[in-house]
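As a plain string of letters, each chain reads:
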Amino acid sequence: MRNYIYNLCCLFFSCTLLAQPKLAPERYQDSLAQLTTIKEQRAVLMRYYQRSFAQAAPIRPFWRNTSFQEAADWALVDLAFAYVSMGGKEIKGKKRYEAELKAFVLEQKRWAEQEAAASLPYYYFAHYYVGYLESRPVLEQKERLEKALNWLEKNADRYSEKLKFSLYKEGAYFHFGLANEAETSLKWAKKLAKLQSQEARFVAYSLMAQIYRKKGNFERTLEALAALDDEPLPLAIQAKNLASKGICYYELGQNEQALPLLKKASQLFAELGQLNSFFALEATAYLALLDEESSSNISLPELLSRGGHAQFPLLKAYIHKLKKAKDLEGIESLAADLAYAEKQGATFRKLAKNQEIYIALGQAALALNSAELAKQYFEEAIRFQTAGLGQKEGLAQLKGQEGLAILWGIYQTQKIIAAPLLEQYQSCQMAISLAKELEKQLGSKGGKAALKAQTEKVYEAFVETAIALEKEEQNPIYIQQAFIEIELAKGSWLLSSLRNKEAQQLGNVSAELLAEERSLRQDISYYQAQFSRAQRKADSLKAQKMQAVLFQKRQALDELLTQLAQKYPSYTKWQEELEELDLNKLKKKLNKEKYSLITYFMGPKNSYCFLLEEDKIQLSILGPTTNLRQQLQDFKQLVQRPRESLKPFKSNFIRLAHQLYQQLIPQTPKYDLLISPHAELSQLAFSCLLPKAEEQPFSRLGYLMRSYAISYLYAANFYLQPQPKTAAKGFLAMAPSYQGQGQAVDRQALDWGQARKQLQPLAGAMAELDFLETHFNGQFLRQEQANEQRFRQLAPKAQFIHLAMHAITDPMAPSYSALFFSETQDSLQDDLLLAYELPGLHLSADLVVLSACQTAAGRYQAGEGAQSLGLGFRYAGAASTLSTLWEVNDESSRLLMELFYGYLQAGQRKDKALQAAQIRYLELVDQKEVAAQPFFWAAWWLSGNSSALELPQKTNYGPLIWAALFVLFLVFGWLIYRAKK
């Protein structure tokens with residue numbers, strides 16, 4: 001604004017020179033010699049240019065190749081910008097001056113291209129502004145601006161921060177608005193943020209918040225806005241930021257947080273007298289979407305008369321109002337008015353942003369059961385996004401969140417009007433492909449999680465259509481493709497992280513850059529955990545500070561990854577190009593190893609089960625997801641705590657366990673089970689489901705695990721991941737000491753230090769270590785030796801890790817779940833191993849056993865599974881983990897672990913060893929009905945590679961020693977006999 005006013009003042013001041021009879025360049029040259037700042041010199045030269053235009057006098061470029069060259073270059077840019085900024089305002093002779101300006105800019109540009117390359121970015125910049133005076137098309141303007149930006153980039157060291165600020169800012173705003181290219185806009189905004197001035201940082205962060213919001217990455221948007229909160233912002237900017245935060249929370253479905261922010265923003269705008277500004281009108285629109293009556297009184301004539309981009313959110317709010325009133329005629333009338341305005345050449349009706357309006361119209365028409373109208377509106381949205389292409393050609397060209405919304409709308413209309421099933425299938429397939437591309441662009445888990453939540457309905461539609469097509473064409477290819485897409489979506493984040501670790505071992509990549517990447521990722525994990533914890537404590541100030549730090553860290557990581565991509569393209573390609581799921585390879589391996597694979601998908605409406613065995617895929621519909629969720633919740637409450645009164649409990653258990661078996665395993669598998677769960681199923685102990693509802697003692701019930709060894713996968717493609725050879729050897733087992741006095745542990749505590757004081761000693765944990773040390777070689781650390789510092793030193797070298805200790809899971813902030821080591825006063829660590837720290841450990845262990853409470857429990861996150869401590873060890877590089885779904889009993893855990901390792905030692909696969917241990921446990925407690933409850937043995941969850949292991953056994957030298965002594969005795973006896981003879 002300050003530059004705008006300055007340029008206008010210079011322009012209007014120069015009008016006084018028109019009255020002067022004769023142009024005297026020498027006078028301006030003398031004036032320049034008296035001035036010491038470029039700002040003053042620019043003003044003088046602007047007056048000279050303007051007076052020359054007024055008198056139609058040739059401009060004598062006396063400044064060329066002198067110390068005044070930069071001021072002259074800037075003066076021309078400033079004058080061009082001033083002409084553009086004046087808009088429709090009239091001054092005497094304005095058109096004539098524009099013609100002179102255009103001619104002079106072209107003359108200077110030609111001269112610079114031939115003789116003075118240093119001035120080129122200025123003249124390209126001025127030429128770009130002239131394009132607005134000539135009403136040049138957006139593509140031509142983009143080409144002009146990119147010439148200036150590209151030249152500046154190639155020769156950045158030669159130019160001032162001022163030019164960089166102006167060009168980077170213009171590049172960011174142009175690509176964000178007129179060009180509608182969010183990624184390019186973000187590129188220039190990031191460069192702007194690197195400049196030294198506070199103004200550059202403020203402009204960059206504000207713009208980046210808008211860009212991330214446009215991309216649908218609301219988590220990054222909120223972080224960018226938080227980074228601005230510490231700046232001394234004017235009230236108008238504060239109001240704008242409040243409105244942006246409110247809109248983000250609305251889009252994230254957190255209306256309770258959105259409403260007060262939007263109300264406060266609107267109040268500030270009212271106090272400032274800015275109710276007609278863009279952000280004020282946008283806040284009004286979103287308040288209307290939240291059905292705030294005071295904000296929903298929007299009339300159509302008033303709406304269409306508003307200028308600027310604010311009409312877009314207002315139009316969407318108006319459409320929401322019509323939809324709520326079930327006013328289909330009003331929707332048709334609005335669409336007709338928009339089409340008429342476009343025919344009349346209304347400027348804003350030509351912008352690509354109109355796709356948002358037609359998407360909203362299409363969604364409203366669908367809600368009012370008018371599929372034919374909806375189809376028309378979605379086709380209009382395609383036309384606006386693809387610059388005129390129709391549905392047939394344009395569907396494949398769609399991009400961004402808007403493209404995803406269009407594809408989903410097209411599918412819905414196709415389904416209602418009974419379009420060919422193949423067309424419906426292809427629409428879903430394109431939507432899934434687009435969602436994958438969007439996921440790659442989102443730099444935070446929060447953004448990816450929001451996207452996955454949006455696309456679950458698309459995946460369900462894809463499965464439904466595949467079922468219908470398979471019946472119609474008797475072709476299994478559709479079911480197979482649905483299976484592949486569902487499984488690829490499940491574990492994409494974890495698989496990407498593991499490939500990142502593999503990529504770092506490819507070699508030829510700077511060790512320094514890799515260390516910096518690891519450090520930044522660890523920092524992001526730390527501050528994300530701190531943010532989650534602050535939210536958990538309702539500490540809004542700390543949460544805001546953590547968001548601001550996260551924004552800076554993510555920016556640094558983005559910049560580093562760009563640098564790595566440029567220097568080491570193979571490194572980036574290896575991480576980003578995740579392998580597709582090879583179904584034939586999967587079938588062959590399952591057949592060879594005699595496994596049945598069961599995978600699940602809990603869609604918004606129904607749940608589904610795929611059974612893959614012996615070259616066949618069977619897909620079953622399990623019924624409504626809401627019913628299944630309730631059954632799972634009831635079963636979880638039933639098994640996750642022990643009961644002393646068994647009669648009603650046992651009857652309820654048998655009934656629910658059998659019902660869940662019938663629903664979840666509709667086809668009887670032939671082999672041991674690999675289960676790939678989804679959503680709440682990732683917290684179900686399948687081992688204690690009952691194929692038959694027979695009244696028996698707990699120890700003799702026909703549990704599923706009696707018939708099948710069971711292990712779990714985060715997704716089917718993990719089964720095909722090659723097992724890397726490891727140089728790690730031996731056991732690392734740890735059993736810390738605790739000083740609690742018998743009081744119950746508060747597992748909802750917000751202070752882990754306070755919770756530590758309540759932790760009681762674990763006699764069973766010490767016994768587990770005694771057993772392991774008796775049978776295996778390795779490091780067995782107890783008491784104060786079992787601390788975090790020792791664990792970090794030894795764990796990367798261990799092939800087998802066994803942690804018998806206390807753990808506490810935080811369901812609201814899973815990254816803050818913790819393993820409690822022995823507390824040591826002289827340790828460099830806090831003796832808490834938090835979930836967010838685990839991915840940075842770089843383990844090579846074949847097996848990690850977490851003999852602790854709730855180490856497999858956690859909130860499900862699409863793309864990686866339950867956010868548990870066990871998952872953290874998979875991120876760290878462990879090939880397999882054995883963890884627990886609920887609080888486990890100390891004594892039963894000890895017995896199960898001894899049995900498990902005994903069967904492993906005998907050469908059994910991990911899943912077989914766990915099955916045998918559970919069956920043997922029930923045999924040992926056959927006369928103890930309470931101890932046979934599933935609570936005591938069914939919590940164990942084996943994830944990852946299930947192959948057999950060669951444990952580092954201790955050699956028993958006793959028999960060898962006795963044999964050697966016996967041989968020596970015989971030899972000695974024989975020698976005596978010979979001597980006597």
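So, here's what we can say about the structure.

Each value, and the rule that gives it
- In this numbering scheme, every chain counts its residues from 1 along its sequence in written order.
- Per-residue local features of the predicted model are confined to residues with pLDDT of at least 70, and side-chain atom pairs are confined, for both listing and counting, to 80 or more; whole-chain, interface and lining totals are unaffected and use all residues.
- Each side-chain value is worked out from all heavy atoms of the structure, with water and hydrogens disregarded.
- A pairing counts as a salt bridge when a side-chain nitrogen of Lys or Arg comes within 4 Å of a carboxyl oxygen of Asp or Glu.
- Each helix is a run of DSSP H or I of at least 4 residues and each strand a run of E of at least 2, with the numbering of both proceeding from the N terminus.
- Relative accessibility under 20% of the residue-type maximum defines a buried residue, over 50% an exposed one, and the middle range a partly exposed one, all with a 1.4 Å probe and only protein chains included.
- Side-chain atoms alone can form a polar contact between residues adjacent in sequence; in general such a contact is a pair of N or O atoms within 3.5 Å, and within protein one must be able to donate a hydrogen while the other accepts it.
- Throughout, a contact is declared for two residues whenever any of their heavy atoms are within 4.5 Å.
- Between any two strands, pairing holds if DSSP finds at least two bridges.
- Only the contacting stretch of a helix is used when fitting its axis, a line to C-alpha atoms as for every element, and angles between N-to-C directions run 0 to 180 degrees.
- For this classification, under 35 degrees means roughly parallel, over 145 means roughly antiparallel, 65 to 115 means roughly perpendicular, and everything else is oblique.
- When the near helix sits turned anticlockwise from the far one by under a right angle, the crossing is termed left-handed; a clockwise turn instead gives a right-handed crossing.
- The pairing test for Phe, Tyr and Trp rings, Trp by its six-membered ring, is centres within 6.5 Å, and the orientation test on the planes gives stacked under 30 degrees, edge-to-face over 60, and tilted for anything in between.
- Placement of a charge over a ring requires the Lys NZ or Arg CZ to be within 6 Å of the ring centre, with the centre-to-atom vector within 35 degrees of the ring normal.
- For the purposes of this section, nonpolar cores are sets of buried Ala, Val, Leu, Ile, Met, Phe, Trp, Tyr and Cys residues that join through side-chain atoms within 4.5 Å.

Turning next to the pattern of salt bridges. Throughout the structure, instances matching the rule amount to 38 salt bridges. Across the pair Asp229 and Lys245 runs a salt bridge, and its minimum N-O distance is 2.8 Å. Note that Asp229 is positioned in the loop between helix 11 (218-228) and helix 12 (235-251) and Lys245 in helix 12, a separation of 16 residues in sequence. The class for Lys245 is buried, based on a relative accessible area of 15%. With a shortest N-O distance of 3.0 Å, Arg792 and Glu788 are connected by a salt bridge. Placement of both Arg792 and Glu788 in helix 35 (residues 788-794) is noted, with a separation of four residues, approximately one turn of the helix. The class of Arg792 is partly exposed, set by a relative accessible area of 26%.

Okay, the side chain of Ser596 next. Take Ser596: it is sitting in strand 1 (residues 595-602). In this structure the side chain of Ser596 is engaged in a polar contact, spanning 2.3 Å, whose partner is the side chain of Glu613. Polar contacts involving the side chain of Ser596 include one to the main-chain amide nitrogen of Tyr671, which spans 3.1 Å. Here Ser596 is in contact with Leu611, Leu612, Glu613, Pro669, Lys670, Tyr671, Asp672, Leu673 and Leu674, once residues within four sequence places are set aside.

What follows concerns the sheet that holds strand 11 (residues 832-834). Strands sit in the order 9-10-11 across an open sheet of three strands; the sheet is antiparallel. The open sheet has two edge strands, strand 9 (806-808) and strand 11, and neither has a second partner. Neighbour-to-neighbour, the strand axes of this sheet turn through a mean angle of 20 degrees, independent of strand direction. Alignment of strand 10 (residues 818-820) against strand 11, held across three bridges, turns out to be antiparallel. Along strand 11, the bridge assignment pairs Phe820 with Leu832.

Right, let's talk about the packing of helix 12 against helix 14 (residues 278-289) for a bit. Between helix 12 and helix 14, whose axes approach to 10 Å, the crossing angle comes to 30 degrees. Put simply, helix 12 runs roughly parallel to helix 14. As helix 12 runs across helix 14, the sense of the crossing is left-handed. Residues Lys240, Ala243, Ser244, Ile247, Tyr250 and Glu251 of helix 12 pack against Phe279, Glu282, Ala283, Tyr286 and Leu289 of helix 14.

Per the stated rule, a full pass over the model turns up 45 aromatic pairs. Where Tyr205 meets Phe551, the ring centres are 4.8 Å apart and the plane angle is 85 degrees; that geometry is what we call edge-to-face. Pair noted here: Tyr205 is in helix 10 (residues 198-214) and Phe551 is in helix 27 (residues 540-567), with a separation of 346 residues, a long-range link. We note that Tyr205, like Phe551, is buried. Each ring, one from Tyr703 and one from Trp937, has its centre 4.7 Å from the other, and the planes form 65 degrees; the classification is edge-to-face. Residue Tyr703 is found in the loop between strand 4 (672-676) and helix 32 (704-707), and its partner Trp937 is found in helix 39 (residues 934-937); the two are separated by 234 residues along the sequence. Here Tyr703 matches Trp937 in class, with each residue buried. In textbook terms, an aromatic cluster arises when at least three aromatic residues are bridged by ring pairs, as seen for Tyr48, Tyr49, Phe53, Phe62, Trp63 and Phe104. Sitting over the ring of Trp111, Arg64 keeps its end group 4.3 Å from the ring centre. Just above the ring of Tyr719 sits the side chain of Lys589; from NZ or CZ to the centre is 4.4 Å.

Counting buried positions along strand 12 (residues 847-851) gives five out of five residues, so the element sits mostly inside the fold. Of the two faces of strand 12, the one holding Leu847, Val849 and Ser851 and the one holding Val848 and Leu850 are both buried throughout. Two strands pair when backbone bridges link them, and strand 8 (residues 800-804) and strand 12 are joined in this way by five bridges, in the parallel orientation. Its bridge partner lying in strand 12, Ala804 is registered against Ser851. Sheet topology places strand 12 next to strand 15 (residues 880-884); two bridges connect them, and they run parallel. In the sheet register, Val849 faces strand 15, and the bridge partner there is Leu882.

Take the nonpolar core next. In this structure, Phe653, Leu664, Phe791, Leu819, Phe873 and Phe900 are the most contacted members of the largest nonpolar core, which totals 126 residues. The element that contributes the greatest number of residues to this core is helix 31 (residues 647-664), accounting for eight residues. Non-local contacts of Phe653, meaning those with residues more than four positions away in its chain, are made with Phe635, Leu638, Val639, Cys688, Leu690, Phe698, Leu701, Tyr703 and Pro934.

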